[in-house]
Amino acid sequence: MNLSDVFWNASLEEIKCGYIEDSNQFTCLLCGEPVEKGVIYPQDNVLYEASRYIRLHVEQTHGSVFEYLLSLDKKLTGLTEHQTTLLKHFYEGKSDKEIQQEMEIGSSSTIRHHRFVLKEKERQAKTQLAIMELLKEKDQYAPAFVAPHKHAKMVDDRYAVTTEEQEKILEKYFLQGLDGPLSKFPPKEKQRLVVLRAIASRLDSNSTYTEKEINDVLKEIYEDYVLIRRYLIEYAFLERKADGSSYWVKK
């Protein structure tokens, strides 16, 4: 299971913490960093047990889970850019008057109205979550959809892919199996997303590649490796420095 699947399958409490736990380790939901139980981790001349170290990792590497979640695409958060900015100010503990002056909008009562709207969204989200949880118990015909990757942009019908559809697409374009080469690049965007996701899963999420290194990896998958590299970046599976000197899997 890839990191996006792990993230979307996590409980609300696990997402709030930023990590999940199993019998052997803790795993960061934001980047996939594993922290093995029973190991002592040194940091700045202090020794930490695994449970404390994973919390330290989330804090030092990602700032906060709150900030990370707000950085996700608005199609995934359901928030407008304006609401995202307001939430950042609220999280920083600023007063309504301070926010109003900094954003140069309306008055303090305008900020209170925005708070009310956000509380309405919270109630709606809770209600919808409860409805969908109850629906799972009754809707025996519901197909299993593949969750969009965390940094998906413009989530729309292209991402409406069932697990059955995904399997058929992968069989069609990876004739020698998922570890083999890509037979051709799909013409349809939905198929491209499935194929690119499979290619991204073959990259080491903990490595930073030079341009030559990423090209060498992608050459083994498809002859037009530049095309694959461009689409991996375009669909936010891969990220790079502006000068193209290094590439890494977007977590």
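Only a predicted model underlies this, so the values are computations on that prediction, with no experimental measurement involved. (Residues numbered from 1 in each chain as written. Predicted model: local features only at pLDDT ≥ 70, side-chain atom pairs only at ≥ 80, totals over all residues. Heavy atoms only, no water.)

Trainee: Let's hear about the pairing of strand S2 (residues 25-28): which residues, and what values?
Mentor: Pairing of strand S1 (residues 19-21) with S2, which is carried by three bridges, proceeds in the antiparallel orientation. Directly across from Tyr-19, in S2, lies its bridge partner Cys-28. With antiparallel pairing between neighbouring strands as the criterion, S1 and S2 make up a hairpin whose turn holds three residues. Here S2 pairs with strand S3 (residues 34-36) via three bridges, running antiparallel. Note on S3: the bridge partner recorded for Phe-26 is Val-35. Hairpin connection, S2 to S3: the antiparallel pair is bridged by five residues, and Gly-32 has positive phi, about 85°. (Pairing = 2+ DSSP bridges. Helix = DSSP H or I, 4+ residues; strand = E, 2+ residues; numbered from the N terminus.)

Trainee: If you had to explain the sheet that holds S2 to someone new, which residues and values would you point to?
Mentor: Strand order in the open sheet made by the three strands is S1-S2-S3, with antiparallel pairing throughout. One side of each edge strand has no neighbouring strand; the edge strands of this open sheet are S1 and S3. For this sheet the average axis-to-axis angle between neighbouring strands, irrespective of direction, equals 20°. Sheet strands in contact with helix H3 (residues 50-62) are S1, S2 and S3, and its direction is about 10° off that of S2. (Axes fitted to C-alpha atoms, helices over the stretch in contact; angles between N-to-C directions. Contact = heavy atoms within 4.5 Å.)

Trainee: Describe the domain arrangement of the protein chain, and please don't skip the residues or the numbers.
Mentor: One can read the domain layout of the protein chain as domain 1 (3-64), domain 2 (72-137) and domain 3 (157-249). Distance from the C-alpha centre of domain 1 to the C-alpha centre of domain 2: 27 Å. (Domains from an automatic or database assignment.)

Trainee: Break down the packing of aromatic side chains for me, citing the residues and quoting the values.
Mentor: In this structure the tally under the stated criterion is six aromatic pairs. Ring geometry for Tyr-41 against Tyr-53: centres 4.6 Å apart, planes inclined by 10°, an arrangement best described as stacked. One end of the pair, Tyr-41, is in strand S4 (residues 41-43); the other, Tyr-53, is in helix H3, with 12 residues separating them in the sequence. Accessibility expressed as a relative area gives 17% for Tyr-41, which makes it buried. Relative to Tyr-235, the ring of Tyr-231 has its centre 6.0 Å away and its plane inclined at 20°; by these criteria the two rings are stacked. Tyr-235 shares its class with Tyr-231; the two are buried. In this structure, Arg-115 packs its charged tip against the face of Phe-90, placed 3.9 Å from the ring centre. (Phe/Tyr/Trp six-rings, centres within 6.5 Å; stacked < 30°, edge-to-face > 60°. Buried < 20%, exposed > 50% of the residue type's maximum accessible area, 1.4 Å probe, protein only. Lys NZ or Arg CZ within 6 Å of the ring centre and 35° of its normal.)

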